[in-house]
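As a plain string of letters, each chain reads:
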Amino acid sequence: MKRNVVLAITGASGAIYAVRLLDVLVAIGCDVQLAISPAGKAVLRQELGLDVDVEHFRLESLLPTRKELAALDRFKSVRELIGVDAWQYGAPQNAAAVATEPGRVQYHHYQDFFAAIASGSALTDGMVVCPCSGGTLSAIAHGASGNLIHRAADVHLKEHRRLILVPRETPLSLVQLDNMRRCAEAGAVVLPAMPGFYHGVHSIRDLVDFVVGRICDQLGIAQPLIKRWGES
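For every chain, the first residue of the written sequence is number 1, and numbering continues from 1 along that sequence. Side-chain atom pairs in this predicted model are given and counted only at pLDDT of 80 or more, local residue features only at pLDDT of at least 70, and totals for whole chains, interfaces and linings cover all residues. Only heavy atoms go into the side-chain values, all of them from the structure, while hydrogens and water stay out.

Colleague: Which residues make up a nonpolar patch on the surface, and what values go with them?
Modeller: Taken together, the side chains of Leu172, Leu174 and Leu177 make up a nonpolar region of the molecular surface, amounting to roughly 290 Å² of accessible area. Each residue's exposure class comes from its accessible area (1.4 Å probe, protein chains only) as a fraction of the maximum for that residue type: buried when under 20%, exposed when over 50%, partly exposed otherwise. Using a relative accessible area of 33% as the deciding quantity, one classes Leu172 as partly exposed. The residues that make up patches have over 30% relative accessible area and no salt bridge, and they are joined within 9 Å when like-charged or within 5 Å when they are Val, Leu, Ile, Met, Phe, Trp or Tyr. The method behind every accessible area is Shrake-Rupley, applied with a 1.4 Å probe, and residues are considered shielded solely by the protein chains displayed. By salt bridge we mean one thing: a side-chain nitrogen of Lys or Arg within 4 Å of a carboxyl oxygen of Asp or Glu.

Colleague: With reference to specific residues and values, describe the sheet that holds strand S4 (residues 127–132).
Modeller: Ordered in space as S3-S2-S1-S4-S5-S6, the six strands form an open sheet in which the pairing is parallel. Each edge of the open sheet carries a strand with a single partner, namely strand S3 (105–107) and strand S6 (189–190). Contact between two residues is taken to exist if any of their heavy atoms lie within 4.5 Å; hydrogens are not considered. Helix axes are fitted only over the stretch in contact, all axes being lines through C-alpha atoms; the angle between N-to-C directions runs from 0 to 180 degrees. Each helix is a run of DSSP H or I of at least 4 residues and each strand a run of E of at least 2, with the numbering of both proceeding from the N terminus. With respect to the sheet, helix H2 (residues 38–48) is in contact with strand S1 (4–9) and strand S2 (31–36), its orientation differing from that of S2 by roughly 95 degrees. Here helix H8 (residues 204–219) sits on the sheet and contacts S1, S4, strand S5 (163–167) and S6; the angle it forms with S5, its principal contact strand, is near 160 degrees. In short, DSSP must find at least two bridges between two strands for them to pair.

Colleague: Tell me about the pattern of salt bridges, and please be specific about residues and values.
Modeller: A complete count under the given rule lists 16 salt bridges for this structure. We note a salt bridge from Arg181 to Asp178, for which the minimum N-O separation is 2.5 Å. Of this pair, Arg181 and Asp178 both sit in helix H7 (residues 174–186), three residues apart, which is roughly one turn of the helix. Residue classification places Asp178 among the partly exposed residues on the basis of a relative accessible area of 26%. Here Asp178 and Arg182 are joined by a salt bridge, their closest N and O atoms 3.3 Å apart. Taken together, the residues Asp178 and Arg182, both in helix H7 and four residues apart, mark about one turn of the helix. Connected through shared salt-bridge partners, Lys2, Asp31, Glu101 and Arg104 make up one network.

Colleague: For the state of the cysteines, give the residues involved together with the corresponding values.
Modeller: Disulfides are defined in this document as cysteine sulfur pairs within 2.5 Å. Summed over all chains, the structure comprises zero disulfides. Distance from the sulfur of Cys30, which forms no disulfide, to the nearest cysteine sulfur (Cys216) is 7.3 Å. When its relative accessible area of 3% is taken as the criterion, Cys30 is described as buried. Residue Cys183 stays outside any disulfide, its sulfur separated by 7.2 Å from that of Cys132, the closest cysteine.

Below is the structure:
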């Protein structure tokens, strides 16, 4: 049965985690409901050189084809971080884990409160906010639905569905720690972008894949991105 996952990209550093996660979810056949905040758009541009139009979204701006990667200089930083050969549908190291039919991506404008994910009657298999900015964390912790991302997160909490928040900031203030506590007590999984080093790290891709793999684990989605502790 095909999985349906909400992915929200907000304005914390670590946009590469979000793009890689989207790539992996699509590759293994998950449908993705995608929303991007204006700050998320800015970080995608600043960190990865990706020009994403949140008003008139094109999936190719986040998941370029191999031909686009090879030809367009604007994807240079992405190539350096992950590598062309590992980009689209190349995430799983085990070829059997790649779905024969890739998942579909449905984009929702961050201010569209009429989107399906704004209602608990629309079923999903979980939501990930990656990366999760401090402002987004605060809005979720206090139930302040200022945009569709906040509202969708609130829906997942009230419906007791999996909500995974991926903050990436250091050091953390007492306010941020308290907001994480509030979210965890409400039922969210707080999964900071803290990669491990015990699985054999040879590149930035290995560090990114560690975090992405742990997110997939929390969603209950099988993934072969990393060598697990105790595996030979």
